[in-house]
Amino acid sequence: MRTAVLVEPTEFELQDRSEPSPGPDDVLVAIRDVGICGSDVHYYEHGRIGDYVVEDPLVLGHESAGEVVAVGENVTGLEAGDRVALEPGVPCRRCAHCKRGDYHLCEDVTFMATPPHDGAFAEYVSWPADFAYELPDSVSTAEGALCEPLSVGIHACRRGDVGTGDTVLVTGAGPIGLLVMEAARAAGATDVIVTDVVAEKLSLAAERGADVTVDVTETDLESAVEEYTDGVGADVVVEASGAEPSIRSTLDAVRRGGTVVLVGLADEATVPFDVLEVIDNEIDVHGSFRYKNTYDAAVDLLADGVVDVAGIIDFESSLDAIDDAFQRAMEPAVVKGMITFES
Ligand SMILES: NC(=O)c1ccc[n+]([C@@H]2O[C@H](COP(=O)([O-])OP(=O)(O)OC[C@H]3O[C@@H](n4cnc5c(N)ncnc54)[C@H](O)[C@@H]3O)[C@@H](O)[C@H]2O)c1
Ligand SMILES: C[C@@H](O)[C@H](N)C(=O)O
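Keep in mind the model is a prediction, meaning the values are calculated, not measured.

The rules behind the values
Residues numbered from 1 in each chain as written. Chains lettered and ligands numbered in written order. Predicted model: local features only at pLDDT ≥ 70, side-chain atom pairs only at ≥ 80, totals over all residues. Heavy atoms only, no water. Domains from an automatic or database assignment. Contact = heavy atoms within 4.5 Å. Buried area = accessible area lost by both parts, 1.4 Å probe. Salt bridge = Lys/Arg side-chain N within 4 Å of Asp/Glu carboxyl O. Polar contact = N/O pair within 3.5 Å; in protein donor to acceptor, adjacent residues only side chain to side chain. Helix = DSSP H or I, 4+ residues; strand = E, 2+ residues; numbered from the N terminus. Buried < 20%, exposed > 50% of the residue type's maximum accessible area, 1.4 Å probe, protein only. UniProt positions renumbered as here; feature names shortened; annotations may be inferred. Pairing = 2+ DSSP bridges. Axes fitted to C-alpha atoms, helices over the stretch in contact; angles between N-to-C directions. Phe/Tyr/Trp six-rings, centres within 6.5 Å; stacked < 30°, edge-to-face > 60°. Near = heavy atom within 4 Å. Areas by Shrake-Rupley, 256 points an atom, 1.4 Å probe, with all protein chains shown as cover. Nonpolar A, V, L, I, M, F, W, Y, C, P; charged D, E, K, R; others polar. 1 Å grid on protein atoms, 1.4 Å probe; cavity = no way out; pocket = protein on both sides within 12 Å on 5 of 7 lines; lining within 4 Å. Points joined across faces, edges and corners; volume = space filled by probe spheres on them. Parallel < 35°, antiparallel > 145°, perpendicular 65-115°, else oblique.

Here the protein chain is described as being made up of domain 1 (2-146 + 309-340) and domain 2 (153-287). Listed per partner, the contact involves 10 residues of domain 1 and 11 residues of domain 2. Across the interface of domain 1 and domain 2, roughly 800 Å² is buried in total on both sides, 73% from carbon and sulfur atoms. The three residues of domain 1 that bury the most area against domain 2 are I312, A333 and V335, which together make up 51% of that side's buried surface. Scanning the region where domain 1 abuts domain 2 turns up 0 salt bridges. Seen at the junction of domain 1 and domain 2, the total is 1 residue pair in polar contact (both at pLDDT 80 or more).

Here it is as structure tokens:
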């Protein structure tokens, strides 16, 4: 089977590898669509993310969906021909975190495209059947692949306990911020404010239903939120840019007694954060890491037409053109590129 392997930073090699054979609990999936995530681009550019270093050639891609072509002997509920979205992180199922239900915090997780585990820029992937979610006819495999970033959004909104009638501020209008907005709407938020520093991203956020967009290079965020909320502040702020000034600004924009959810990964682990403001205003500050138990919800939300993920796709490309696709994905105005495989 054909795969795109990152052999050096900024260098993919198209390699033929042997097709995996499914274990007894696995499905063999012919991959149809894989999203290019910011973390793929980061590994491509720098060969590492923090402590995760690409030491051996690595197949990138973890936002994937495709068609089941074979199933292991223990698999029930899925059969050849079914289309599935693949949840990319499979936990050990035995550790304390897994046993208390926090499987996304498992320290022994096999996460696609995170060294040393290969990802889905490959014609076939063998994957545990219980981490493969059947897609109804109305949901495309491209949408199925984007259940992954949508899951990040759903989990962040769950962490922030976003509820009916809430005003939610989303900082950063990349794929994660835009899908946080979708998840927040689905959770009942009636007002969504979105920030960014790139005009095209803000235009897209407005087209997709943001009530207010704020270009923080031109407008003071605290004043804009104060004006929109009659001086109260946002009920929930979801930080989805990773930019240090934006992380710091969350405390200026959240209401007293509100919640800040940190999703974006700052370049530096240490960001000044005013703890007195957190205490005086009784702000709940939550980290949000990947997701758990979100894929069923993501598929249902797509099937019911409650959320839109296809509208964030800027371009589709073939595996052969993966280098060009990654160059395009790095353009500031681009939100989401997809690698598609022929059926
Ligand atoms: N916690 C998790 O589980 C998790 C999962 C996926 C991604 N992430 C992180 O979430 C962040 C968002 O991911 P993404 O793929 O959308 O990234 P992205 O880089 O595509 O989007 C970030 C957006 O923030 C904007 N931005 C930059 N500076 C800003 C500022 N000062 N104020 C407001 N916006 C600003 C950028 O223009 C861009 O549109 C990244 O840091 C990523 O690493 C975290
Ligand atoms: C969750 C996923 O999208 C993220 N890029 C990660 O590797 O953690």
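The structure having been displayed, the exposition proceeds.
With that settled, consider the environment of D280. Within the secondary structure layout, D280 lies in helix α9 (residues 275-280). D280 sits in the exposed class, given a relative accessible area of 54%. Between the C-alpha atoms of D280 and R256, which are 24 residues apart in sequence, the distance is 8.4 Å.

With that out of the way, let us pick up the UniProt feature "domain: Enoyl reductase (ER)" (unreviewed entry) in the protein chain. Here the UniProt feature "domain: Enoyl reductase (ER)" (unreviewed entry) sits at residues 5-335. Secondary structure across residues 5-335 comprises 28% helix and 27% strand; the distance between its end C-alpha atoms is 23 Å.

An order of β15-β14-β13-β16-β17-β18 is seen for the 6 strands of this open sheet, with the pairing classed as parallel. The open sheet has two free edges, formed respectively by β15 (212-215) and β18 (284-287), since each of these has just one partner strand. Each strand of the sheet is rotated relative to its neighbour by a mean of 15 degrees, with strand direction disregarded. For strand β13 (residues 167-171) and strand β14 (residues 191-196), the ladder comprises 5 bridges, and the chain directions are parallel. Following the sheet pairing, V170 is matched in β14 by V194. With respect to the sheet, helix α8 (residues 244-253) is in contact with β13, β16 (234-239) and β17 (254-262), its orientation differing from that of β17 by roughly 155 degrees.

Let's shift gears to the packing of aromatic side chains. In total, this model carries 7 aromatic pairs according to the counting rule given. Relative to Y44, the ring of F12 has its centre 5.2 Å away and its plane inclined at 20 degrees; by these criteria the two rings are stacked. With F12 in strand β2 (residues 11-16) and Y44 in helix α1 (residues 38-46), the pair connects residues that are 32 residues apart, well separated along the chain. For Y44, a relative accessible area of 1% translates into the label buried.

Let us look at the site of ligand 2. Taken together, C37, S39, H62, F111, E148 and R290 make up the full set of residues adjacent to ligand 2. The separation between an oxygen atom of ligand 2 and a polar side-chain atom of R290 is 2.7 Å. For ligand 2, whose free accessible area comes to 250 Å², the fraction covered by protein is 79%. Classifying every residue of the shell around ligand 2 by side-chain character gives 2 nonpolar, 2 polar and 2 charged.

A volume near 240 Å³ is recorded for the second largest pocket. What lines the second largest pocket is R2, A30, I31, R32, E123, Y124, S318, L319, D320, T340, F341 and E342. Top element by residues in the lining of the second largest pocket is strand β3 (residues 26-36). It accounts for 3 residues.

Moving on, we get to unusual backbone geometry. Cis geometry is adopted by the peptide bond preceding P116, which originates at P115 and carries an omega value of 5 degrees. For P116, the location among the structural elements is in the loop between β10 (110-111) and β11 (124-128). One non-glycine residue with positive phi stands out, namely D230, at about 55 degrees. Its identity is not glycine, yet E282 carries a phi of approximately 45 degrees, on the positive side.

All right, on to the pattern of salt bridges then. This model, assessed by the stated rule, comprises 12 salt bridges. Residue D118 pairs with R17 through a salt bridge whose shortest N-O separation is 3.0 Å. Taken together, the residues D118 in the loop between β10 and β11 and R17 in the loop between β2 and β3 connect sequence positions 101 residues apart. Looking at D118, the relative accessible area reads 34%, which means it is partly exposed. Through salt bridges that share partners, R100, D102 and K292 make up one connected network.

For the pair helix α4 (residues 147-159) and helix α10 (residues 295-303), the least separation of the axes is 9 Å and the interaxial angle reads 110 degrees. With respect to α10, the element α4 is oriented roughly perpendicular. Counted together, C147, E148, L150, S151, I154 and R158 of α4 and Y295, A297, A298, V299, L301 and L302 of α10 form the full contact between these two elements. Along the lines of polarity and charge, the residues of the contact of α4 with α10 split into 9 nonpolar, 1 polar and 2 charged.

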